[in-house]
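# Tertiary structure, described
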Amino acid sequence: MLDIVIWAGWAGGLAVGAFLLLQLWLTGKLLGVSTGFGNLCALGSKAKFFHTGDFTDPFNWRLFFLLGLPLGGLLGVLLSPEATFSWTLSLGPRYDSVFPSALWARGLILTGAGFLVGYGARLAGGCTSGHAIAGISLLNLPSLLASVLFFVGGIAAVQLLFWLA
Amino acid sequence: MKHKLTFLGLGALFGLILSRAGATTPDLYAGLFLFEDLQLLWVIATAIGVGLIGVQLLKARRARALLGGEEISYKGKPMTRALIPGSLIFGAGWGLSGACPGTALAMLGEGRLTALFVLLGITLGTWFYGLRRSRA
């Protein structure tokens, strides 16, 4: 599990950038993930927001893109010669040193942090893929601002977390 | 249906790339925001560099989508008042969860059970936003 192959940062970035272009050229659709969570909500909610605009058809491409992502993670393990698939609750040495090890407490923190990710992404209009990678590639100024503030929020929260712990 | 399988395949490819890039390794997020390991900064910076050049080339060629021939979308997201607080909130969650929406899904496929909590949270956050917007 911990022995998955990780490329050098520049090589990983090259692949992510190439993927953005592949999807755009092949399908005409700009990379973006967080909106797809609204498709998931649409499957279980009658609220008007989840059945208009982006979500008129909850079974559009975003839902299938989302379903593919876990398959890719699994492939990442299966295609790593030194790794074997196993379930883990570890987040790695840095987070494990500051987060409680009790499952309920760790789960509560991560659910809360995920809530900020989901709510913040909708307020901001996108996430790391849609704003930072796709948005800046388009030279879209609101996306550049959003991306800078993503980093400001991340640095502030993590510095505070490790300072308090 | 063919189109849906295409996006399932694209999602799987993107998940694999995120895994290889280190973006599904939560510890690298803490490393980034503590300035101890800048792997993910190089990933994002290089990806943007490639994207910037490629988008210009696609525009210059007036390329159309290879599948279906529809117009390629270059529509940037708009500036809104909510963008500033939203981005700060997203950033805080990004750092505290060690994940973002795409990588949390790929992490689950790698066997990281903690991603289930993050995914539950992201869905609840999206749902909460949708409820507020439905009332307004």
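Residues numbered from 1 in each chain as written. Chains lettered and ligands numbered in written order. Predicted model: local features only at pLDDT ≥ 70, side-chain atom pairs only at ≥ 80, totals over all residues. Heavy atoms only, no water.

## Some details on the overall build of chain A
Across its full length, chain A carries 7 helices and 0 strands. Helices and strands in chain A line up, N terminus first, as α-α-α-α-α-α-α. With respect to the principal axes defined by its C-alpha atoms, chain A has extents near 45 × 35 × 35 Å. Here the contacts in chain A between residues at least 6 apart in sequence split such that 50% fall between residues at least 24 apart. (Helix = DSSP H or I, 4+ residues; strand = E, 2+ residues; numbered from the N terminus. Contact = heavy atoms within 4.5 Å.)

## Some words on the interface of chain A and chain B
With 113 residues of chain A at the contact, the number on the chain B side is 110 residues. When the two sides are added together, the surface that chain A and chain B hide from each other amounts to roughly 10100 Å², 76% of it contributed by carbon and sulfur. Taken as a group, Trp25, Phe37 and Arg94 of chain A account for 8% of the area that chain A buries against chain B, more than any other trio of residues on that side. Between chain A and chain B we count 3 salt bridges in total. The tally of links from chain A across to chain B stands at 29 residue pairs in polar contact (both at pLDDT 80 or more). Mapped by element, the contributors of at least two residues to the side of chain A that touches chain B are α1 (9-27), α2 (36-44), α3 (61-78), α4 (93-98), α5 (103-124), α6 (128-137) and α7 (141-164) of chain A. If you tally residues by element for the side of chain A that touches chain B, the top one is α1 of chain A, at 18 residues. For the side of chain A that touches chain B, a count of residues per class yields 74 nonpolar, 34 polar and 5 charged. (Buried area = accessible area lost by both parts, 1.4 Å probe. Salt bridge = Lys/Arg side-chain N within 4 Å of Asp/Glu carboxyl O. Polar contact = N/O pair within 3.5 Å; in protein donor to acceptor, adjacent residues only side chain to side chain. Nonpolar A, V, L, I, M, F, W, Y, C, P; charged D, E, K, R; others polar.)

## Quick look at the confidence of the model for chain B
Per-residue confidence for chain B averages 96 on the pLDDT scale, and 98% of its residues sit at or above 70. Here the complex is predicted with pTM 0.97, and the ipTM for its interfaces comes to 0.97. (pLDDT = per-residue confidence, 0-100.)

## Concerning the side chain of Ser143 of chain A
All names here are of chain A. Take Ser143: it is sitting in helix α7. Engagement of the side chain of Ser143 in a polar contact is seen with the side chain of Asn140, the distance being 2.9 Å. In contact with Ser143, not counting residues within four places along its chain, are His131, Gly135 and Ile136.

## What to know about the side chain of Ser45 of chain A
Along the polypeptide, Ser45 of chain A turns up in the loop between α2 and α3. According to the relative accessible area criterion, Ser45 of chain A is buried, its value standing at 9%. At a separation of 3.0 Å, a polar atom in the side chain of Ser45 of chain A contacts the main-chain amide nitrogen of Ala47 of chain A. The residues touching Ser45 of chain A, leaving out its near neighbours within four places in the chain, are Phe50 and His51 of chain A together with Trp127 of chain B. (Buried < 20%, exposed > 50% of the residue type's maximum accessible area, 1.4 Å probe, protein only.)

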